[in-house]
Every structure is written in C-alpha cells, then in structure tokens.
Amino acid sequence: TRNIYYANLNMLKNRGNEKFTKYSILCYGVPDDVLVEKANEMIKKLKPQKLQKGQHKEKKTLNTKQVMKKINYAFIKYGFKWNIKEKEMAANAAVNISRKELLLRKNTIFSEKFLKRLIVHEVGTHIVRAENGEHQPYKLFARGLPNYLMTEEGLAVFNEERNGCLDNTTLRNYAARVIAVDMALKCSFRETYNYLRKHLDKELAWRTTLRAKRGLADTSNSGGCTKDFAYLRGYFAVKKFIEDGGDSNKNLDKLYYGKIGLQHVECINKIP
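A brief look at the structure comes next. Not measured: the values here are computed from a predicted model.

Some details on helix H3 (residues 33-45)
The end-to-end C-alpha distance of H3 is 18 Å, a good match for the 18 Å that 13 residues give at a rise of 1.5 Å each. Buried within H3 are the following residues: Leu35, Val36, Ala39, Asn40, Met42 and Ile43. Buried residues of H3, seen end-on, are gathered within an arc of 165° and therefore sit on one face of the element. Turned more than 90 degrees away from the buried face of H3, the exposed residues are Asp33, Val34, Glu37 and Lys45. Next to the buried residues of H3 lie helix H8 (168-184), helix H9 (189-196) and helix H11 (230-243). Capping of H3 at its N-terminal end is provided by Asp32; its side-chain oxygen lies 3.2 Å from the backbone amide nitrogen of Val34.

A closer look at the sheet that holds strand E3 (residues 93-96)
Taking strand neighbours across the sheet as the criterion, the 3 strands line up as E2-E4-E3 in an open arrangement whose pairing is mixed. Strands with a single pairing partner mark the edges of an open sheet, and in this sheet they are strand E2 (83-87) and E3. Recorded for the sheet is a direction-independent mean angle of 25° between the axes of neighbouring strands. Examined bridge by bridge, E2 and strand E4 (residues 101-105) share 5 bridges and lie parallel to one another. When the bridges of E4 are listed, Lys87 appears paired with Arg105. Strand contacts of helix H4 (residues 64-78): E2 and E4, with the helix running at about 160° to E2, the strand carrying the most contacts.

Focus: the environment of Ala130
Within the secondary structure, Ala130 is located in helix H5 (residues 112-134). The exposure class assigned to Ala130 is buried, which follows from its relative accessible area of 4%. Sequence separation of Ala130 and Ile97 is 33 residues, and the distance between their C-alpha atoms is 7.1 Å. Look past the residues within four positions of Ala130 in its chain and what remains in contact with it is Ile97, Ala142 and Lys259.

Things to note about the pairing of E4
With 5 of its 5 residues buried, E4 lies for the most part within the structure. Along E4, one buried face is formed by Glu101, Leu103 and Arg105 and the opposite face, lined by Leu102 and Leu104, is buried too. Bridge count for E3 against E4 is 4 bridges, and the pairing is antiparallel. The residue bridging Ala94 from the neighbouring strand is Leu103, located in E4. Remark: 4 residues form the turn of the hairpin made by E3 and E4, two consecutive strands paired antiparallel; Lys100 in that turn has positive phi of roughly 55°.

A short note on the state of the cysteines
One pass over the structure, following the stated rule, counts 0 disulfides. The closest cysteine sulfur to the non-disulfide-bonded Cys27 is located on Cys225, 8.6 Å from its own sulfur.

Each value, and the rule that gives it
- Residues numbered from 1 in each chain as written.
- Predicted model: local features only at pLDDT ≥ 70, side-chain atom pairs only at ≥ 80, totals over all residues.
- Heavy atoms only, no water.
- Helix = DSSP H or I, 4+ residues; strand = E, 2+ residues; numbered from the N terminus.
- Expected span 1.5 Å × (residues − 1).
- Buried < 20%, exposed > 50% of the residue type's maximum accessible area, 1.4 Å probe, protein only.
- Arc of directions from axis to C-beta.
- Contact = heavy atoms within 4.5 Å.
- Polar contact = N/O pair within 3.5 Å; in protein donor to acceptor, adjacent residues only side chain to side chain.
- Pairing = 2+ DSSP bridges.
- Axes fitted to C-alpha atoms, helices over the stretch in contact; angles between N-to-C directions.
- Disulfide = S-S within 2.5 Å.

Set out below in structure tokens:
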C-alpha cells in the first residue's frame, strides 16, 4: 500500500518531466497486448449507435449548472453530504474522495442520457463505495486498497450496462482509451490523435488523446498517463467475476464494501 501511494505522490510531483510516465506505470500499469488487440477489434467492429425509425438524435441541452442541480437530488436520495464543483479538465467528471467533491468539466453542455450515466458511474459506484468504506473498521476501505482502481472503474462500466447506459458508442469510446494509452507510450500527441481520428470524431479523438498525454510538458515525446485503460480492462474482469460467482447478486454486493479490488474479496469475511 505504501509503495502505491508513494508512486502516486511522485507521479504528481513529476508532472511535466520525463519521470511522470514511469510513476504513472507504477500506479496504474500498462495494457497488455491481448487487451489492446481486443480494443482495436471493438473500435472497428462496433458501430456508433444508430437511431431507430422515429427516433431523434438526443440533444445536449443541460449546462453544468443544471447537471449540478440534478446530481444534488441524487445526493439527497442517497443521504450523502457531498459538494459539486466546476473545473477546467479533460474529463467530463471526476471524484475527489478526500474533499467529498464531484467535479464537472466547466462550460460544457450535457445530454440527459449522459446525466444518467454520470449518476450511475460517479455517484452509484465511486461515491457509494467510498461512503460504504467509511463505515468499515479500517479507513483504508474509504481511501482505497492497493490496486483497487481497475475494479472500481470496471464496476462503474458494468453498472452502466446494468442500467441501460452502455451502448455501442460508449463501449467503443472505452476501447479508444485503451488504444490511446498504448499509443501514447510509444508515440507523440499528433500520431496518437491521427490514429484515433480514423474511428472517432475530431472532438472525441482530441479529448481521448489529451487524457492519455496529460502529465507531459512536451507532448511530442512518447509517454503519458496510463490510467484510462482501467475502464475496459476492469469491465471484463468484473463481468468474469460476476459470471463465475454463482449467486451473482451476492457476489456483486461484496464489491460495495468499500474501495476494494477483486483480489481483496476473499479477505472480507475475515474482518472482525
């Protein structure tokens, strides 16, 4: 645990220099060849969601302030005392556990569909696990056991699927993040972006590349932040865990004891 937090602190400390990538890899790891190949297959074969006859493309009509108001209703429903803030960042949303804050990308217009995904992913997974972790005998359950992140993000994506939020478009976007991380470690920003443009529109290709190359001062160099492959890798791992568990609901409940990884489930019953 100490080594993971040490690597995380050093990653933040070394933003902008050549050591950033090294510590990012120590924190999050790197996607293996099997996952990268799978992601490439998905982004080529999964076509963006097509509208059925009579359907209209969902418009982005909600500004950040409106989304914040709706998320506050979710906090009230769960009984959580969290704050929501706007921030300039590459991601649409993020959670700061230590400050109990949900962060939204500033000056952004969202759709109703995205709002549902946001509540399922951020509130119903990340924040629920953190809040449950605070009620465990060890505070580490609230901050995160070693290597919990893969399970956390995978569970969030799995919950999107259970709640009807994970369509082909969203799933191929997660596949694109794996490809972006893999390419960022070997290529420049431009090379990574140009490859993603074969499959994504300009805005999404740009933001996906930006996420993978964050932490570098000179993005013409190889390297970047490897966190984003956790979504797809974790999704596959959580699905397998549920499928192998027999009683899927009981098996799934164990993942909400706190910020734990799949590898920690066996230890839960030993806690006094």
